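Residue-level structure breakdown
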Amino acid sequence: MIDTSLVNISLGDIYELKKPHPCGTNKWEVVRSGADCKIKCLGCGHIILIDRVDLKKRIKTIIKRVENQ
């Protein structure tokens, strides 16, 4: 498990969350970041809006990290 307080959420990152989505997958891609983050399920394509603090609590592992230039 990772220390989520140090995670910088940025556009294009893919995270594995602790609980799976009803479609069966728990991998999500960040499609918008700010005070609230918009994340997209990589299984069914469903998009939800979640508070940044709540998202950080739900992250289990980082699947793919996009490096900002």
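Anything mentioned here points back to the structure above.
The following paragraphs examine the structure supplied in this document. Residue positions are counted from 1 within each chain, in the order its sequence is given. Reporting of local features is limited, given that this is a predicted model, to residues whose pLDDT is at least 70; pairs of side-chain atoms are given and counted only at 80 or more, and all residues count toward the totals for whole chains, interfaces and linings. To obtain the side-chain values, all non-hydrogen atoms of the structure were used and water was disregarded.

1. Focus on the pairing of strand E4 (residues 47-51)
For a regular strand, the rule is simple: side chains alternate between the two faces of the sheet. Here is the rule: Should DSSP find at least two bridges between two strands, the strands are regarded as paired. Each helix is a run of DSSP H or I of at least 4 residues and each strand a run of E of at least 2, with the numbering of both proceeding from the N terminus.
Pairing geometry for strand E3 (residues 36-41) and E4, over five bridges, is antiparallel. Along E4, the bridge assignment pairs Ile39 with Ile48. Remark: five residues form the turn of the hairpin made by E3 and E4, two consecutive strands paired antiparallel; Gly45 in that turn has positive phi of roughly 90 degrees.

2. What about the side chain of Asp13?
Here is the rule we go by: Any two residues whose heavy atoms approach within 4.5 Å at even a single point are treated as in contact.
For Asp13, the position within the fold is in the segment before strand E1 (14-17). Beyond its immediate chain neighbours, meaning those up to four positions away, Asp13 contacts Asn8, Trp28, Glu29, Val30, Lys64, Arg65 and Val66.

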